[in-house]
Amino acid sequence: MLRSVLSVLICLLCPALAAADPDHTPPDPITVLEVSTGKTTMVVAWQNTGDDGTTGNAEAYEVRRSSTTITSRQSGQLVASGPAGTSGSWTCTDYSDLSCNSPFYVAVFLKDDHNNWSALGTVVYAPTQECNTSLEVLCFNFLRPETRESGGELA
Ligand SMILES: [Ca+2]
């Protein structure tokens with residue numbers, strides 16, 4: 001009798017025990033990051049890490065941009081956010097209406113479903129092109145050599 005009562009109590013504690021041991025492992029930093037620019041446009045593409053390091057799938061991304069270098073998640077301006085792609089997949093975002101011939105630094109961060117944010121990864125310096133060019137860029141025609149080799153697609 002006592003044993004069965006104890007086992008019921010233990011089972012009742014199971015969810016509480018699980019909740020007491022939340023996920024403390026953030027996604028790995030985004031280090032595979034490619035940025036290209038046109039006169040007033042920018043393409044930011046990155047390879048997603050995971051929920052725990054590179055394992056599992058992260059929940060959401062943030063693209064941060066600044067005219068000076070980015071040293072932490074808070075030091076860049078939030079310019080885009082959305083659901084993270086699966087681990088190892090690429091996500092591409094693009095931007096328009098930027099000032100030509102202007103300095104931009106870009107970094108991407110991922111968070112998991114326990115609000116653990118990835119540390120700072122690669123920061124890319126990507127100034128927009130000269131004002132006398134007509135070159136513009138879009139995710140649509142941003143194809144990476146490694147994606148073509150693997151047959152993968154942009155997320
Ligand atoms: Ca995690």
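Note that the coordinates shown come from a computational prediction; the quantities given were computed from them, not determined experimentally.

**Description of the sheet that holds strand E2 (residues 42–47)**
Taken together, three strands build an open sheet; the order of strands is E1-E2-E5 and the sheet is antiparallel. Looking at strand neighbours, the two that pair on one side only are strand E1 (33–37) and strand E5 (90–95), the edges of this open sheet. Taken over all neighbouring pairs, the strand axes of this sheet differ in orientation by 15 degrees on average, direction set aside. Pairing between E1 and E2: five bridges, direction antiparallel. The residue of E2 that forms the bridge with Glu34 is Ala45.

**Topic: the confidence of the model for the chain**
Taken over all residues, the pLDDT of the chain has a mean of 87, while the share at 70 or more is 77%. Below pLDDT 50 for its whole length, residues 147–155 participates in eleven contacts with residues either more than four positions away or in separate chains.

**What about the nonpolar core?**
The tendency in soluble globular proteins is for nonpolar side chains to be buried as a group. Counting residues in each nonpolar core, the largest one holds 22 residues, and the members touching the most others are Met42, Val44, Val106 and Val108. Breaking this core down by element, the ones donating at least two residues are E2, strand E3 (60–66), E5 and strand E6 (105–111). Ranked by the residues each element gives to this core, the list is headed by E6, at six residues. Ignoring any residue separated from it by four or fewer positions in sequence, one finds Val44 in contact with Val35, Val63, Thr93, Val106 and Val108.

**Section: the sheet that holds E3**
Read from one edge to the other, the open sheet built from four strands follows the order E4-E3-E6-E7, with strand pairing classed as antiparallel. Pairing within the sheet leaves two strands with one partner each, and these edge strands are strand E4 (77–83) and strand E7 (124–125). Of the pairings in the sheet, the one linking E3 to E4 comprises six bridges and is antiparallel in character. Considered in E4, the bridge of Val63 is made with Ala80.

Quick notes on the rules
- Residues numbered from 1 in each chain as written.
- Predicted model: local features only at pLDDT ≥ 70, side-chain atom pairs only at ≥ 80, totals over all residues.
- Pairing = 2+ DSSP bridges.
- Helix = DSSP H or I, 4+ residues; strand = E, 2+ residues; numbered from the N terminus.
- Axes fitted to C-alpha atoms, helices over the stretch in contact; angles between N-to-C directions.
- pLDDT = per-residue confidence, 0-100.
- Contact = placed C-beta atoms within 7 Å.
- Core = buried A, V, L, I, M, F, W, Y, C linked by C-beta atoms within 7 Å.
- Buried ≥ 20, exposed ≤ 12 C-beta atoms within 10 Å, placed from the backbone.

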